[in-house]
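Commentary on secondary and tertiary structure
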Amino acid sequence: MRKILRVDMSSLNISQEEINEDFKLLGGRGLADKILTTEIDPRVHPLSKDNKLIIAPGLFSGITIPSTSRLSVVSKSPLTGGIKESNVGGPVSQELGRLGFAAIIIEGRASDSFYIVRISKKGKIYLDPAKDIQGMGNNETAQNLFRVYGKQINILSIGPAGEMLLPTATVAATDQDGYPSRHAGRGGLGAVMGSKGIKAIVIEGKVKREVKCLDKALLKESIKDFSTMVVKINKMNKQYGTTSLVKFINQSNGLPTKNFSRGTFEGVEQISGERITELIKERGGKTAHGCYSGCIIKCSHVFNDKNGNHVTSKLEYETVGMLGSNLEIDDVDMIAEMDRLCGDIGIDTMELGATMGVLMESGYIPFGNAEEVIKLLEEIPKGTPLGRLVGSGCATVGKVFGCSRVPVVKGQALPSYDPRALKGMGVTFATSPMGADHTAGPVYPGMGKLDAKKPDGQVEFSKNIQSNCAILDNFGLCLYTSPSPKTMEFIIKAVKALYGEVMSRDDLADIGKQILGMEYEFDERAGLGSETDELPFFFRQETLPEIDSSFDVSSEELRSIRKYFRNK
Ligand code: SF4
(Lines give C-alpha, C1' and ligand atoms only; values in the text may rest on other atoms or scores of the structure.)
Protein backbone atom coordinates (compact mmCIF):
# COMPACT_ATOMS: atom_id res chain seq x y z
CA MET A 1 0.00 0.00 0.00
CA ARG A 2 1.38 3.42 -0.94
CA LYS A 3 1.55 5.99 1.82
CA ILE A 4 1.36 9.73 2.27
CA LEU A 5 3.90 11.64 4.33
CA ARG A 6 2.54 14.72 6.09
CA VAL A 7 4.96 17.31 7.47
CA ASP A 8 3.38 20.07 9.55
CA MET A 9 5.95 22.85 9.74
CA SER A 10 3.96 24.84 12.34
CA SER A 11 4.07 22.07 14.95
CA LEU A 12 7.07 20.23 13.42
CA ASN A 13 4.91 17.14 13.61
CA ILE A 14 5.45 14.33 11.08
CA SER A 15 2.91 11.64 10.32
CA GLN A 16 2.25 8.98 7.72
CA GLU A 17 -1.06 7.72 6.44
CA GLU A 18 -2.12 5.03 3.99
CA ILE A 19 -3.48 6.25 0.71
CA ASN A 20 -7.23 6.09 0.15
CA GLU A 21 -8.11 2.99 -1.91
CA ASP A 22 -10.18 5.21 -4.26
CA PHE A 23 -6.94 6.92 -5.33
CA LYS A 24 -5.41 3.65 -6.55
CA LEU A 25 -4.79 4.92 -10.09
CA LEU A 26 -3.89 8.45 -9.10
CA GLY A 27 -0.29 9.59 -8.87
CA GLY A 28 1.76 12.71 -9.66
CA ARG A 29 -0.38 15.63 -10.81
CA GLY A 30 -3.70 13.77 -10.42
CA LEU A 31 -3.09 12.80 -6.81
CA ALA A 32 -1.46 16.10 -5.83
CA ASP A 33 -4.37 18.05 -7.37
CA LYS A 34 -6.85 15.86 -5.50
CA ILE A 35 -5.11 16.53 -2.18
CA LEU A 36 -4.69 20.27 -2.74
CA THR A 37 -8.22 20.88 -3.97
CA THR A 38 -9.66 18.86 -1.07
CA GLU A 39 -7.50 20.29 1.69
CA ILE A 40 -7.16 24.02 1.03
CA ASP A 41 -9.50 26.93 0.43
CA PRO A 42 -8.52 28.32 -3.01
CA ARG A 43 -8.76 31.86 -1.60
CA VAL A 44 -5.82 31.45 0.83
CA HIS A 45 -2.71 33.53 0.28
CA PRO A 46 -0.14 31.33 -1.52
CA LEU A 47 2.59 32.18 1.00
CA SER A 48 0.43 31.79 4.12
CA LYS A 49 0.51 28.83 6.48
CA ASP A 50 -2.83 27.73 5.03
CA ASN A 51 -1.44 26.92 1.59
CA LYS A 52 0.09 23.45 1.13
CA LEU A 53 2.92 22.16 -1.04
CA ILE A 54 2.31 18.69 -2.44
CA ILE A 55 5.17 16.67 -3.92
CA ALA A 56 4.03 13.53 -5.70
CA PRO A 57 5.92 11.01 -7.85
CA GLY A 58 4.07 9.81 -10.94
CA LEU A 59 2.27 6.51 -10.41
CA PHE A 60 4.86 4.52 -12.43
CA SER A 61 7.86 6.09 -10.63
CA GLY A 62 10.15 3.46 -9.15
CA ILE A 63 8.98 0.81 -11.61
CA THR A 64 11.34 -0.17 -14.42
CA ILE A 65 9.39 1.58 -17.15
CA PRO A 66 11.71 3.86 -19.15
CA SER A 67 11.50 7.66 -18.91
CA THR A 68 9.01 7.64 -16.03
CA SER A 69 10.80 9.37 -13.17
CA ARG A 70 8.78 12.58 -13.25
CA LEU A 71 7.78 14.38 -10.09
CA SER A 72 4.81 16.72 -9.72
CA VAL A 73 5.16 19.70 -7.40
CA VAL A 74 1.74 21.27 -6.83
CA SER A 75 0.45 24.24 -4.85
CA LYS A 76 -1.43 27.49 -5.13
CA SER A 77 0.98 29.62 -7.15
CA PRO A 78 2.27 32.97 -5.89
CA LEU A 79 2.79 33.94 -9.54
CA THR A 80 -0.60 33.11 -11.08
CA GLY A 81 -2.82 32.99 -7.99
CA GLY A 82 -4.24 29.70 -9.30
CA ILE A 83 -3.31 26.04 -9.03
CA LYS A 84 0.12 25.13 -10.37
CA GLU A 85 1.69 21.80 -11.23
CA SER A 86 5.37 22.13 -11.97
CA ASN A 87 6.96 18.95 -13.27
CA VAL A 88 10.58 17.94 -12.78
CA GLY A 89 12.87 15.05 -13.72
CA GLY A 90 15.88 13.49 -12.00
CA PRO A 91 16.05 10.45 -9.70
CA VAL A 92 13.99 11.93 -6.81
CA SER A 93 10.66 10.68 -8.14
CA GLN A 94 12.07 7.19 -8.71
CA GLU A 95 13.43 7.01 -5.16
CA LEU A 96 10.19 8.26 -3.58
CA GLY A 97 8.29 5.67 -5.62
CA ARG A 98 10.63 2.91 -4.47
CA LEU A 99 10.17 3.99 -0.86
CA GLY A 100 6.40 3.63 -1.35
CA PHE A 101 5.56 7.32 -0.96
CA ALA A 102 2.63 8.47 -3.09
CA ALA A 103 2.94 12.07 -1.91
CA ILE A 104 4.55 14.41 0.60
CA ILE A 105 2.21 17.07 1.98
CA ILE A 106 3.96 20.07 3.50
CA GLU A 107 1.68 22.32 5.50
CA GLY A 108 1.85 25.09 8.11
CA ARG A 109 4.82 27.40 8.45
CA ALA A 110 7.98 27.15 10.56
CA SER A 111 8.18 30.01 13.03
CA ASP A 112 11.94 30.29 13.42
CA SER A 113 14.33 29.24 10.68
CA PHE A 114 14.86 26.82 7.81
CA TYR A 115 14.87 23.02 8.00
CA ILE A 116 15.98 20.01 5.96
CA VAL A 117 13.42 17.23 5.62
CA ARG A 118 15.40 13.98 5.45
CA ILE A 119 13.96 10.65 4.40
CA SER A 120 16.16 7.67 5.27
CA LYS A 121 16.52 4.49 3.24
CA LYS A 122 14.16 2.80 5.68
CA GLY A 123 11.54 5.50 5.20
CA LYS A 124 12.18 7.23 8.54
CA ILE A 125 11.75 11.00 8.53
CA TYR A 126 13.93 13.59 10.26
CA LEU A 127 13.80 17.39 10.46
CA ASP A 128 17.37 18.70 10.58
CA PRO A 129 18.32 22.37 11.04
CA ALA A 130 19.38 24.09 7.81
CA LYS A 131 21.30 26.89 9.52
CA ASP A 132 24.58 25.97 7.82
CA ILE A 133 23.19 26.10 4.29
CA GLN A 134 20.78 29.01 4.63
CA GLY A 135 21.42 31.71 2.02
CA MET A 136 23.42 29.38 -0.24
CA GLY A 137 22.78 28.85 -3.93
CA ASN A 138 21.53 25.46 -5.10
CA ASN A 139 25.01 24.30 -6.16
CA GLU A 140 26.69 25.04 -2.83
CA THR A 141 23.67 23.63 -1.00
CA ALA A 142 23.99 20.33 -2.85
CA GLN A 143 27.75 20.12 -2.23
CA ASN A 144 27.23 20.68 1.50
CA LEU A 145 24.45 18.13 1.73
CA PHE A 146 26.54 15.51 -0.11
CA ARG A 147 29.37 16.14 2.35
CA VAL A 148 27.10 15.72 5.38
CA TYR A 149 24.81 12.89 4.23
CA GLY A 150 26.96 11.09 1.64
CA LYS A 151 27.03 10.88 -2.14
CA GLN A 152 24.05 8.53 -2.47
CA ILE A 153 21.40 11.12 -1.62
CA ASN A 154 19.01 12.88 -3.99
CA ILE A 155 17.96 16.43 -3.24
CA LEU A 156 15.15 18.92 -3.75
CA SER A 157 16.23 22.42 -2.73
CA ILE A 158 15.56 26.12 -3.04
CA GLY A 159 18.08 28.86 -3.73
CA PRO A 160 18.11 32.43 -2.39
CA ALA A 161 15.07 33.32 -4.56
CA GLY A 162 12.96 30.72 -2.75
CA GLU A 163 14.21 31.85 0.64
CA MET A 164 13.24 35.43 -0.30
CA LEU A 165 9.76 34.17 -1.32
CA LEU A 166 10.06 35.59 -4.84
CA PRO A 167 7.15 34.52 -7.06
CA THR A 168 9.41 33.16 -9.82
CA ALA A 169 11.45 30.89 -7.52
CA THR A 170 12.01 27.28 -8.51
CA VAL A 171 12.43 23.98 -6.69
CA ALA A 172 15.71 22.43 -7.88
CA ALA A 173 16.22 18.67 -8.17
CA THR A 174 19.54 16.88 -8.50
CA ASP A 175 20.21 14.87 -11.67
CA GLN A 176 21.96 11.52 -11.83
CA ASP A 177 25.37 13.26 -11.60
CA GLY A 178 24.34 15.14 -8.46
CA TYR A 179 24.01 18.56 -10.12
CA PRO A 180 20.88 20.47 -9.00
CA SER A 181 20.21 21.07 -12.67
CA ARG A 182 16.56 20.07 -12.98
CA HIS A 183 13.89 22.50 -11.87
CA ALA A 184 10.21 22.54 -11.09
CA GLY A 185 10.61 25.91 -12.68
CA ARG A 186 7.26 27.46 -13.25
CA GLY A 187 4.79 29.26 -11.03
CA GLY A 188 7.07 30.21 -8.14
CA LEU A 189 6.63 27.01 -6.12
CA GLY A 190 10.13 27.51 -4.67
CA ALA A 191 8.66 30.48 -2.80
CA VAL A 192 5.96 28.24 -1.32
CA MET A 193 8.66 25.80 -0.15
CA GLY A 194 10.54 28.78 1.33
CA SER A 195 7.40 30.04 3.06
CA LYS A 196 7.09 26.70 4.83
CA GLY A 197 10.65 27.05 6.16
CA ILE A 198 12.14 24.19 4.14
CA LYS A 199 15.51 24.70 2.45
CA ALA A 200 15.92 21.14 1.20
CA ILE A 201 14.41 17.68 1.09
CA VAL A 202 17.00 14.92 1.15
CA ILE A 203 16.12 11.40 0.05
CA GLU A 204 18.68 8.77 0.92
CA GLY A 205 19.07 6.36 -2.03
CA LYS A 206 19.39 3.99 -3.66
CA VAL A 207 16.58 1.90 -2.40
CA LYS A 208 15.98 -1.56 -3.83
CA ARG A 209 12.36 -2.55 -4.01
CA GLU A 210 10.63 -5.41 -5.74
CA VAL A 211 7.55 -3.93 -7.40
CA LYS A 212 4.50 -6.18 -7.47
CA CYS A 213 3.36 -6.93 -11.00
CA LEU A 214 0.41 -9.19 -11.77
CA ASP A 215 1.42 -9.96 -15.37
CA LYS A 216 5.16 -9.65 -15.91
CA ALA A 217 5.02 -10.99 -19.47
CA LEU A 218 2.46 -8.37 -20.53
CA LEU A 219 4.47 -5.60 -18.87
CA LYS A 220 7.67 -6.73 -20.59
CA GLU A 221 6.05 -6.98 -23.99
CA SER A 222 4.33 -3.60 -23.74
CA ILE A 223 7.54 -1.90 -22.54
CA LYS A 224 9.36 -3.33 -25.57
CA ASP A 225 6.89 -1.83 -28.08
CA PHE A 226 6.68 1.43 -26.15
CA SER A 227 10.48 1.80 -25.99
CA THR A 228 10.84 1.21 -29.73
CA MET A 229 8.27 3.92 -30.45
CA VAL A 230 9.80 6.40 -27.99
CA VAL A 231 13.35 5.97 -29.32
CA LYS A 232 12.15 6.33 -32.92
CA ILE A 233 10.39 9.66 -32.39
CA ASN A 234 13.22 11.16 -30.31
CA LYS A 235 16.25 10.82 -32.60
CA MET A 236 16.79 14.59 -32.89
CA ASN A 237 16.14 15.06 -29.18
CA LYS A 238 18.87 12.56 -28.35
CA GLN A 239 21.34 14.11 -30.80
CA TYR A 240 20.84 17.80 -29.98
CA GLY A 241 18.65 17.83 -26.87
CA THR A 242 15.59 20.06 -26.90
CA THR A 243 17.70 22.75 -28.61
CA SER A 244 17.06 20.82 -31.83
CA LEU A 245 13.91 22.97 -31.82
CA VAL A 246 15.79 26.28 -32.24
CA LYS A 247 16.13 26.08 -36.03
CA PHE A 248 12.84 24.26 -36.50
CA ILE A 249 10.80 26.87 -34.63
CA ASN A 250 12.74 29.66 -36.37
CA GLN A 251 11.88 28.11 -39.76
CA SER A 252 8.27 28.01 -38.60
CA ASN A 253 8.50 31.78 -37.88
CA GLY A 254 7.72 31.19 -34.22
CA LEU A 255 11.05 31.89 -32.47
CA PRO A 256 10.34 34.89 -30.20
CA THR A 257 12.70 37.70 -31.14
CA LYS A 258 13.04 41.17 -29.60
CA ASN A 259 10.26 40.74 -27.03
CA PHE A 260 7.92 38.87 -29.39
CA SER A 261 8.11 41.50 -32.13
CA ARG A 262 9.45 39.03 -34.74
CA GLY A 263 9.41 35.25 -35.24
CA THR A 264 12.84 34.76 -36.80
CA PHE A 265 16.29 35.62 -35.48
CA GLU A 266 19.32 36.65 -37.53
CA GLY A 267 21.69 34.97 -35.07
CA VAL A 268 19.85 31.64 -35.11
CA GLU A 269 22.87 29.61 -36.31
CA GLN A 270 24.97 30.70 -33.31
CA ILE A 271 22.34 29.54 -30.79
CA SER A 272 21.15 26.45 -32.68
CA GLY A 273 21.20 22.92 -31.28
CA GLU A 274 23.76 22.02 -33.94
CA ARG A 275 26.17 24.77 -32.78
CA ILE A 276 25.61 23.97 -29.09
CA THR A 277 26.32 20.28 -29.75
CA GLU A 278 29.52 21.18 -31.62
CA LEU A 279 30.72 23.26 -28.64
CA ILE A 280 29.80 20.51 -26.17
CA LYS A 281 31.88 17.98 -28.10
CA GLU A 282 34.84 20.35 -28.58
CA ARG A 283 34.94 21.15 -24.85
CA GLY A 284 34.57 17.65 -23.44
CA GLY A 285 30.94 17.99 -22.31
CA LYS A 286 28.27 15.35 -22.73
CA THR A 287 25.45 14.89 -25.21
CA ALA A 288 22.65 12.30 -24.93
CA HIS A 289 22.66 12.62 -21.16
CA GLY A 290 19.74 11.39 -19.05
CA CYS A 291 18.39 13.34 -16.08
CA TYR A 292 18.07 9.93 -14.40
CA SER A 293 19.48 6.54 -15.23
CA GLY A 294 16.27 4.97 -16.56
CA CYS A 295 15.73 7.40 -19.42
CA ILE A 296 16.02 6.03 -22.96
CA ILE A 297 15.53 9.42 -24.64
CA LYS A 298 18.33 11.36 -22.90
CA CYS A 299 17.43 14.89 -23.99
CA SER A 300 19.81 16.47 -21.51
CA HIS A 301 23.46 17.46 -22.02
CA VAL A 302 26.42 18.86 -20.11
CA PHE A 303 27.72 22.21 -21.37
CA ASN A 304 31.27 23.25 -20.43
CA ASP A 305 33.03 26.59 -20.77
CA LYS A 306 36.03 27.25 -23.04
CA ASN A 307 38.35 25.76 -20.40
CA GLY A 308 36.34 22.56 -20.12
CA ASN A 309 34.72 23.44 -16.78
CA HIS A 310 31.09 22.51 -16.13
CA VAL A 311 28.64 25.39 -16.61
CA THR A 312 25.19 23.85 -16.88
CA SER A 313 23.50 20.51 -17.49
CA LYS A 314 20.27 21.67 -18.95
CA LEU A 315 20.51 24.20 -21.74
CA GLU A 316 16.93 23.74 -22.94
CA TYR A 317 15.25 25.14 -26.04
CA GLU A 318 12.90 27.36 -24.03
CA THR A 319 15.85 28.85 -22.10
CA VAL A 320 17.87 29.49 -25.27
CA GLY A 321 14.87 31.11 -26.94
CA MET A 322 13.81 33.36 -24.07
CA LEU A 323 17.34 34.39 -23.00
CA GLY A 324 18.72 34.34 -26.55
CA SER A 325 16.62 35.41 -29.53
CA ASN A 326 13.97 37.11 -27.39
CA LEU A 327 16.71 39.43 -26.09
CA GLU A 328 18.64 39.49 -29.40
CA ILE A 329 21.58 37.74 -27.73
CA ASP A 330 23.46 35.26 -29.91
CA ASP A 331 26.35 34.37 -27.59
CA VAL A 332 25.78 30.82 -26.32
CA ASP A 333 28.40 31.15 -23.58
CA MET A 334 26.56 34.15 -22.14
CA ILE A 335 23.23 32.32 -22.37
CA ALA A 336 24.78 29.32 -20.59
CA GLU A 337 26.12 31.61 -17.86
CA MET A 338 22.65 33.15 -17.39
CA ASP A 339 21.22 29.63 -17.19
CA ARG A 340 23.81 28.67 -14.56
CA LEU A 341 23.02 31.75 -12.49
CA CYS A 342 19.26 31.18 -12.74
CA GLY A 343 19.74 27.57 -11.63
CA ASP A 344 21.93 28.54 -8.70
CA ILE A 345 19.71 31.41 -7.51
CA GLY A 346 16.67 29.22 -8.19
CA ILE A 347 14.77 31.38 -10.65
CA ASP A 348 12.71 30.39 -13.72
CA THR A 349 14.70 30.99 -16.93
CA MET A 350 11.61 31.54 -19.09
CA GLU A 351 10.14 34.09 -16.70
CA LEU A 352 13.51 35.84 -16.50
CA GLY A 353 13.83 35.96 -20.31
CA ALA A 354 10.39 37.52 -20.67
CA THR A 355 11.13 39.96 -17.82
CA MET A 356 14.36 41.09 -19.48
CA GLY A 357 12.54 41.44 -22.82
CA VAL A 358 10.12 43.86 -21.18
CA LEU A 359 12.97 45.78 -19.50
CA MET A 360 14.69 46.06 -22.89
CA GLU A 361 11.51 47.17 -24.65
CA SER A 362 11.06 49.81 -21.94
CA GLY A 363 14.57 51.08 -22.66
CA TYR A 364 15.94 50.27 -19.19
CA ILE A 365 18.68 48.13 -20.73
CA PRO A 366 19.50 47.73 -24.44
CA PHE A 367 18.50 44.70 -26.52
CA GLY A 368 21.43 42.39 -27.19
CA ASN A 369 23.32 43.30 -24.04
CA ALA A 370 24.02 40.08 -22.12
CA GLU A 371 26.31 41.78 -19.58
CA GLU A 372 23.43 43.99 -18.40
CA VAL A 373 21.18 40.94 -18.03
CA ILE A 374 23.79 39.21 -15.88
CA LYS A 375 24.27 42.34 -13.75
CA LEU A 376 20.52 42.50 -13.06
CA LEU A 377 20.37 38.77 -12.35
CA GLU A 378 23.17 39.13 -9.80
CA GLU A 379 21.04 41.67 -7.91
CA ILE A 380 18.55 38.93 -6.95
CA PRO A 381 20.62 36.99 -4.37
CA LYS A 382 21.80 40.30 -2.88
CA GLY A 383 18.17 41.02 -2.01
CA THR A 384 18.30 44.59 -3.31
CA PRO A 385 14.97 46.24 -4.23
CA LEU A 386 15.99 46.02 -7.92
CA GLY A 387 16.84 42.33 -7.55
CA ARG A 388 13.53 41.63 -5.84
CA LEU A 389 11.72 43.46 -8.64
CA VAL A 390 13.47 41.43 -11.35
CA GLY A 391 12.68 38.22 -9.44
CA SER A 392 9.01 39.18 -9.21
CA GLY A 393 8.44 38.33 -12.85
CA CYS A 394 7.40 39.79 -16.15
CA ALA A 395 3.89 41.01 -15.24
CA THR A 396 5.11 43.01 -12.23
CA VAL A 397 8.07 44.48 -14.10
CA GLY A 398 5.79 45.35 -17.03
CA LYS A 399 3.54 47.36 -14.70
CA VAL A 400 6.41 49.10 -12.92
CA PHE A 401 8.03 50.13 -16.23
CA GLY A 402 4.76 51.03 -18.00
CA CYS A 403 5.29 48.52 -20.80
CA SER A 404 2.24 47.82 -23.00
CA ARG A 405 3.61 44.60 -24.57
CA VAL A 406 3.86 42.16 -21.67
CA PRO A 407 3.82 38.49 -22.76
CA VAL A 408 2.02 36.78 -19.87
CA VAL A 409 -1.15 34.74 -19.34
CA LYS A 410 -2.63 34.54 -15.84
CA GLY A 411 0.50 36.36 -14.67
CA GLN A 412 2.95 33.79 -16.08
CA ALA A 413 5.36 34.47 -18.97
CA LEU A 414 4.95 32.79 -22.34
CA PRO A 415 7.55 30.13 -23.14
CA SER A 416 9.61 30.46 -26.31
CA TYR A 417 6.90 30.06 -28.97
CA ASP A 418 5.18 32.92 -30.78
CA PRO A 419 1.44 32.12 -30.65
CA ARG A 420 0.75 33.89 -33.96
CA ALA A 421 2.89 31.39 -35.89
CA LEU A 422 2.04 28.41 -33.65
CA LYS A 423 -1.65 28.92 -33.07
CA GLY A 424 -2.28 25.61 -31.33
CA MET A 425 0.46 26.44 -28.84
CA GLY A 426 -1.24 29.83 -28.39
CA VAL A 427 -4.51 28.07 -27.56
CA THR A 428 -2.75 26.04 -24.85
CA PHE A 429 -1.04 29.15 -23.45
CA ALA A 430 -4.36 31.02 -23.29
CA THR A 431 -6.47 28.25 -21.82
CA SER A 432 -4.31 26.12 -19.52
CA PRO A 433 -5.34 26.51 -15.87
CA MET A 434 -1.59 26.86 -15.18
CA GLY A 435 -1.04 30.10 -17.13
CA ALA A 436 1.13 30.11 -20.26
CA ASP A 437 2.88 26.74 -20.12
CA HIS A 438 4.06 24.69 -23.10
CA THR A 439 4.25 21.47 -21.07
CA ALA A 440 0.50 21.69 -20.42
CA GLY A 441 -0.19 20.76 -24.05
CA PRO A 442 2.47 21.49 -26.68
CA VAL A 443 1.18 21.79 -30.24
CA TYR A 444 4.17 21.80 -32.61
CA PRO A 445 4.01 22.59 -36.34
CA GLY A 446 2.93 19.50 -38.27
CA MET A 447 1.05 17.89 -35.40
CA GLY A 448 -2.45 16.63 -36.14
CA LYS A 449 -1.95 17.51 -39.84
CA LEU A 450 -2.94 21.08 -38.94
CA ASP A 451 -1.56 24.25 -40.49
CA ALA A 452 0.10 25.85 -37.44
CA LYS A 453 -0.52 29.34 -38.86
CA LYS A 454 -4.27 28.86 -39.24
CA PRO A 455 -6.83 28.76 -36.43
CA ASP A 456 -8.80 25.81 -37.86
CA GLY A 457 -8.82 22.73 -35.66
CA GLN A 458 -6.39 24.15 -33.07
CA VAL A 459 -8.85 24.33 -30.17
CA GLU A 460 -9.94 20.70 -30.48
CA PHE A 461 -6.33 19.53 -30.85
CA SER A 462 -5.07 21.58 -27.88
CA LYS A 463 -7.97 20.35 -25.73
CA ASN A 464 -7.10 16.70 -26.41
CA ILE A 465 -3.39 17.17 -25.96
CA GLN A 466 -3.89 19.04 -22.66
CA SER A 467 -5.90 16.08 -21.43
CA ASN A 468 -3.22 13.60 -22.58
CA CYS A 469 -0.48 15.67 -20.92
CA ALA A 470 -2.41 15.55 -17.64
CA ILE A 471 -2.50 11.75 -18.03
CA LEU A 472 1.29 11.62 -18.60
CA ASP A 473 1.76 13.73 -15.46
CA ASN A 474 -0.49 11.39 -13.48
CA PHE A 475 1.58 8.34 -14.40
CA GLY A 476 4.92 10.16 -14.31
CA LEU A 477 5.86 9.71 -17.96
CA CYS A 478 8.19 12.31 -19.43
CA LEU A 479 6.51 14.62 -21.95
CA TYR A 480 8.96 13.40 -24.62
CA THR A 481 7.44 9.92 -24.53
CA SER A 482 4.72 11.94 -26.33
CA PRO A 483 1.10 12.65 -25.36
CA SER A 484 -0.04 10.49 -28.30
CA PRO A 485 -2.62 7.70 -28.71
CA LYS A 486 0.23 5.12 -28.80
CA THR A 487 1.46 6.22 -25.36
CA MET A 488 -2.12 6.09 -24.06
CA GLU A 489 -2.37 2.49 -25.33
CA PHE A 490 0.86 1.66 -23.51
CA ILE A 491 -0.47 3.11 -20.24
CA ILE A 492 -3.64 1.00 -20.53
CA LYS A 493 -1.55 -2.17 -20.99
CA ALA A 494 0.86 -1.29 -18.17
CA VAL A 495 -2.01 -0.61 -15.75
CA LYS A 496 -3.51 -4.01 -16.60
CA ALA A 497 -0.16 -5.77 -16.16
CA LEU A 498 0.73 -4.03 -12.91
CA TYR A 499 -2.60 -3.74 -11.09
CA GLY A 500 -4.98 -6.02 -12.99
CA GLU A 501 -7.24 -3.04 -13.78
CA VAL A 502 -8.89 -3.15 -17.19
CA MET A 503 -9.32 0.36 -18.57
CA SER A 504 -10.83 1.50 -21.84
CA ARG A 505 -9.46 4.47 -23.78
CA ASP A 506 -12.44 6.46 -22.44
CA ASP A 507 -11.67 5.46 -18.83
CA LEU A 508 -8.14 6.75 -19.28
CA ALA A 509 -9.34 9.95 -20.97
CA ASP A 510 -11.61 10.46 -18.00
CA ILE A 511 -8.55 10.71 -15.72
CA GLY A 512 -7.25 13.60 -17.86
CA LYS A 513 -10.66 15.24 -17.87
CA GLN A 514 -11.02 14.95 -14.09
CA ILE A 515 -7.58 16.47 -13.51
CA LEU A 516 -8.27 19.51 -15.68
CA GLY A 517 -11.79 19.81 -14.25
CA MET A 518 -10.37 20.00 -10.70
CA GLU A 519 -7.82 22.61 -11.78
CA TYR A 520 -10.32 24.88 -13.53
CA GLU A 521 -12.69 24.66 -10.58
CA PHE A 522 -9.89 25.58 -8.16
CA ASP A 523 -8.88 28.53 -10.36
CA GLU A 524 -12.44 29.81 -10.57
CA ARG A 525 -12.81 29.72 -6.80
CA ALA A 526 -9.44 31.50 -6.54
CA GLY A 527 -10.72 34.26 -8.85
CA LEU A 528 -9.34 33.08 -12.22
CA GLY A 529 -12.46 32.63 -14.34
CA SER A 530 -12.92 32.15 -18.08
CA GLU A 531 -12.11 35.83 -18.71
CA THR A 532 -8.47 34.92 -17.96
CA ASP A 533 -8.37 32.39 -20.84
CA GLU A 534 -6.86 34.94 -23.23
CA LEU A 535 -3.53 35.96 -24.68
CA PRO A 536 -2.28 39.53 -24.14
CA PHE A 537 -4.18 41.72 -26.58
CA PHE A 538 -1.10 42.79 -28.55
CA PHE A 539 -0.95 39.29 -30.08
CA ARG A 540 -4.39 39.99 -31.60
CA GLN A 541 -3.58 43.60 -32.57
CA GLU A 542 -0.12 43.18 -34.07
CA THR A 543 0.65 40.93 -37.01
CA LEU A 544 3.84 38.88 -36.95
CA PRO A 545 5.82 40.50 -39.81
CA GLU A 546 7.10 37.24 -41.35
CA ILE A 547 3.61 35.80 -41.91
CA ASP A 548 1.43 38.92 -41.73
CA SER A 549 -0.90 37.18 -39.30
CA SER A 550 -2.13 37.92 -35.79
CA PHE A 551 -3.57 35.50 -33.22
CA ASP A 552 -7.06 34.93 -34.57
CA VAL A 553 -8.61 32.06 -32.61
CA SER A 554 -11.88 33.49 -31.29
CA SER A 555 -12.36 34.12 -27.57
CA GLU A 556 -15.52 32.06 -27.65
CA GLU A 557 -13.64 29.05 -29.01
CA LEU A 558 -10.92 29.48 -26.39
CA ARG A 559 -13.51 29.42 -23.61
CA SER A 560 -15.05 26.23 -24.97
CA ILE A 561 -12.06 24.30 -23.56
CA ARG A 562 -12.83 25.28 -19.98
CA LYS A 563 -16.52 24.53 -20.55
CA TYR A 564 -15.66 21.05 -21.78
CA PHE A 565 -13.49 20.17 -18.78
CA ARG A 566 -15.99 21.73 -16.36
CA ASN A 567 -18.86 19.79 -17.99
CA LYS A 568 -20.75 23.01 -18.65
S1 SF4 B 1 13.72 12.86 -21.95
FE2 SF4 B 1 14.97 14.37 -20.93
S3 SF4 B 1 13.65 15.30 -19.35
FE4 SF4 B 1 12.67 13.40 -20.06
S5 SF4 B 1 13.33 11.87 -18.56
FE6 SF4 B 1 14.77 11.82 -20.28
S7 SF4 B 1 16.47 13.18 -19.79
FE8 SF4 B 1 14.76 13.60 -18.36
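Residues numbered from 1 in each chain as written. Predicted model: local features only at pLDDT ≥ 70, side-chain atom pairs only at ≥ 80, totals over all residues. Heavy atoms only, no water.

So, the domain arrangement of the protein
Counted only if it meets this: Domains are outlined according to an automatic or database domain assignment. Contact between two residues is taken to exist if any of their heavy atoms lie within 4.5 Å; hydrogens are not considered. By buried area we mean how much accessible surface two parts lose on assembly, using a 1.4 Å probe and totalling the loss over both. Note on definitions: salt bridges are taken to be side-chain nitrogens of Lys or Arg within 4 Å of carboxyl oxygens of Asp or Glu. What qualifies as a polar contact is a pair of N or O atoms within 3.5 Å, subject to a donor-acceptor requirement within protein and to the restriction that residues adjacent in sequence count only when both atoms come from side chains. Starting at the N terminus, helices and strands are each numbered in turn, a helix being any DSSP run of H or I of at least four residues and a strand any DSSP run of E of at least two.
Each assigned domain of the protein is listed with its residue range as follows: domain 1 (3-204), domain 2 (240-418) and domain 3 (419-568). Here the C-alpha centre of domain 3 lies 24 Å away from the C-alpha centre of domain 2. Every contact between the two is made by 30 residues of domain 2 and, on the other side, 34 residues of domain 3. Carbon and sulfur atoms supply 64% of the area that domain 2 and domain 3 bury against each other, a total of about 2400 Å² over both sides. Looking at the side of domain 2 facing domain 3, the largest losses of area belong to Lys-410, Tyr-417 and Asp-418, adding up to 29% of the total buried there. Remark: the boundary between domain 2 and domain 3 carries 3 salt bridges. Linking Asp-418 and Arg-420 is a salt bridge whose minimum nitrogen-to-oxygen distance equals 2.8 Å. Where domain 2 touches domain 3, the interface holds 16 residue pairs in polar contact (both at pLDDT 80 or more). Those elements that place two or more of their residues in the side of domain 2 that touches domain 3 are helix 8 (245-251), strand 16 (408-409) and strand 17 (412-413). Among the elements that make up the side of domain 2 that touches domain 3, the one with the highest residue count is helix 8 (3 residues).

Notes on the sheet that holds strand 1 (residues 3-8)
Definition in use: Strands are treated as partners if at least two bridges between them are detected by DSSP. Lines are fitted to the C-alpha atoms to define the axes, a helix being fitted only along its stretch in contact, and any angle between axes, read from their N-to-C directions, falls within 0 to 180 degrees.
The strand order 2-1-6-3-4-5 describes an open sheet built from 6 strands, whose pairing is mixed. The open sheet has two free edges, formed respectively by strand 2 (13-18) and strand 5 (83-88), since each of these has just one partner strand. Each strand of the sheet is rotated relative to its neighbour by a mean of 15°, with strand direction disregarded. Pairing of strand 1 with strand 6 (residues 101-107), which is carried by 6 bridges, proceeds in the parallel orientation.

Side note on the sheet that holds strand 12 (residues 198-204)
Ordered by their spatial adjacency, 6 strands build an open sheet running 8-7-12-9-10-11, and the pairing between neighbours is mixed. The open sheet has two edge strands with one neighbour each: strand 8 (125-129) and strand 11 (182-184). Adjacent strand axes in the sheet meet at a mean angle of 20° when their direction is disregarded. Pairing between strand 7 (residues 115-119) and strand 12: 5 bridges, direction parallel. Counterpart to Arg-118 in the pairing with strand 12 is Val-202.

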